[in-house]
Amino acid sequence: NAIESSPEEQAMDSVSKQATAKNDSISKLDDSKRKLAYLANIPSTPDQIKESNTRMTEAYYNTGVIFREQIEDYHSSVSAFETLNKRFPDNKYKLPSFYNLYRTYLMLHDTVKANFYKDFLITNFPESEYSKLILNPGFYKELQRKTQVLEVFYENTYKAYLNNQF
């Protein structure tokens, strides 16, 4: 009695089978042909290198978040975020990674490093959500309350429109 799998699971299974088939076919090659097959997969054009760097940036950031939020391995989280920022100093996750480093160093009771990231964010990005959150821990609750007020206003305005109450 087979369990039906979702389209996502079938797609993942298909990708897995393709990767396995590719690895199997490469492993059957002799050493010189295997070397050429591996070298063919190394990014060499500017577009391939850019795509590779984008994927690595995503991987480092996601790894840091997973280690911090799900596994609670704070040292590995710090390592992932710091590697991300060292290898890709102008990455798109710079602010959230610095904020995560700040929070993680607080968890590790390393106030010197936590304060470094806190000061960096507040000094260089004072208007960012991260700085506002550091300076006002209730920032998101206030933002959420304002959003709820706007949603109620929108609903009331839309109901008035539907009732021809212009």
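Placed above this text is the structure.
All figures in this text were calculated on a predicted structure; none of them were measured in a lab.

Caption draft 1: The arrangement of the overall build of the protein chain in detail. Along its length, the protein chain carries eight helices and zero strands. By the burial criterion, 20% of the 166 residues in the protein chain qualify as buried. For the protein chain, the accessible surface area stands at approximately 12700 Å², while carbon and sulfur atoms represent 55% of it.

Caption draft 2: Fine view of the side chain of Thr 57. The topology assignment puts Thr 57 in helix α3 (residues 46-71). Those residues in contact with Thr 57 that lie beyond four places of it in its chain are Leu 84, Phe 88, Asn 91 and Tyr 93.

Caption draft 3: Quick look at α3. End to end, α3 covers 35 Å across 26 residues, agreeing with the expected 38 Å (1.5 Å per residue, within 8%). Looking only at α3, the buried set comprises Thr 57, Tyr 61, Gly 64 and Arg 68. Residues of α3 that are buried in the fold lie against α4 (74-87) and α5 (94-107). The first or second residue beyond α3 is Glu 72, which carries a positive phi of 60 degrees.

Caption draft 4: Structural detail: the pattern of salt bridges. One pass over the full model with this rule turns up four salt bridges. When the shortest N-O distance is used, the salt bridge between Glu 58 and Lys 92 registers 3.0 Å. Linking Glu 58 in helix α3 with Lys 92 in the loop between α4 and α5, this pair joins segments that are 34 residues apart in sequence. Given a relative accessible area of 59%, Lys 92 falls into the exposed group. The network of salt bridges with shared partners includes Arg 68, Glu 69 and Arg 103.

Caption draft 5: Representation of the packing of aromatic side chains. Taken as a whole and assessed by the stated rule, the structure comprises nine aromatic pairs. Both rings, one in Tyr 99 and one in Tyr 130, keep their centres 5.4 Å apart while their planes meet at 40 degrees; by these two values the pair is tilted. On the criterion of sequence distance, the pair formed by Tyr 99 in helix α5 and Tyr 130 in helix α7 (residues 129-135) is long-range, its members being 31 residues apart. An aromatic cluster of at least three residues, connected via ring pairs, comprises Phe 98, Tyr 105, Phe 116, Tyr 117, Phe 120 and Phe 125.

Caption draft 6: Inspection of the nonpolar core at higher detail. Judged by nonpolar contacts, the single largest core of 16 residues is most densely connected at Tyr 99, Leu 101, Tyr 102, Tyr 105 and Tyr 117. At the level of elements, α4, α5, α6 (111-124) and α7 are the ones that each hand at least two residues to this core. Look past the residues within four positions of Tyr 102 in its chain and what remains in contact with it is Ala 114, Tyr 117, Lys 118 and Ile 134.

Caption draft 7: Representation of the packing of α3 against α5 in the model. Running from amino to carboxyl end, α3 crosses α5 at an angle of 25 degrees, the nearest separation of the two axes being 11 Å. When the axes of α3 and α5 are compared, the pair comes out roughly parallel. Read as a crossing pair, α3 and α5 show a hand that is left-handed. In contact with Tyr 61, Val 65, Arg 68 and Glu 69 of α3, α5 contributes Pro 96, Ser 97, Asn 100, Arg 103, Thr 104 and Met 107. Considering only residue class, the contact of α3 with α5 consists of four nonpolar, three polar and three charged.

Caption draft 8: Fine view of a nonpolar patch on the surface. Nonpolar side chains collect at one region of the surface, where Leu 36, Leu 39 and Ile 42 lie side by side and expose about 300 Å² of accessible area between them. Turning to its location among the elements, Leu 39 is positioned in helix α2 (residues 31-40). The exposure class assigned to Leu 39 is partly exposed, which follows from its relative accessible area of 45%.

Conventions used here
- Residues numbered from 1 in each chain as written.
- Predicted model: local features only at pLDDT ≥ 70, side-chain atom pairs only at ≥ 80, totals over all residues.
- Heavy atoms only, no water.
- Helix = DSSP H or I, 4+ residues; strand = E, 2+ residues; numbered from the N terminus.
- Buried < 20%, exposed > 50% of the residue type's maximum accessible area, 1.4 Å probe, protein only.
- Areas by Shrake-Rupley, 256 points an atom, 1.4 Å probe, with all protein chains shown as cover.
- Contact = heavy atoms within 4.5 Å.
- Expected span 1.5 Å × (residues − 1).
- Salt bridge = Lys/Arg side-chain N within 4 Å of Asp/Glu carboxyl O.
- Phe/Tyr/Trp six-rings, centres within 6.5 Å; stacked < 30°, edge-to-face > 60°.
- Core = buried A, V, L, I, M, F, W, Y, C linked by side-chain atoms within 4.5 Å.
- Axes fitted to C-alpha atoms, helices over the stretch in contact; angles between N-to-C directions.
- Parallel < 35°, antiparallel > 145°, perpendicular 65-115°, else oblique.
- Left-handed = near helix turned anticlockwise from the far one by under 90°.
- Nonpolar A, V, L, I, M, F, W, Y, C, P; charged D, E, K, R; others polar.
- Patch = residues over 30% accessible without salt bridge, like charges linked within 9 Å, V, L, I, M, F, W, Y side chains within 5 Å.

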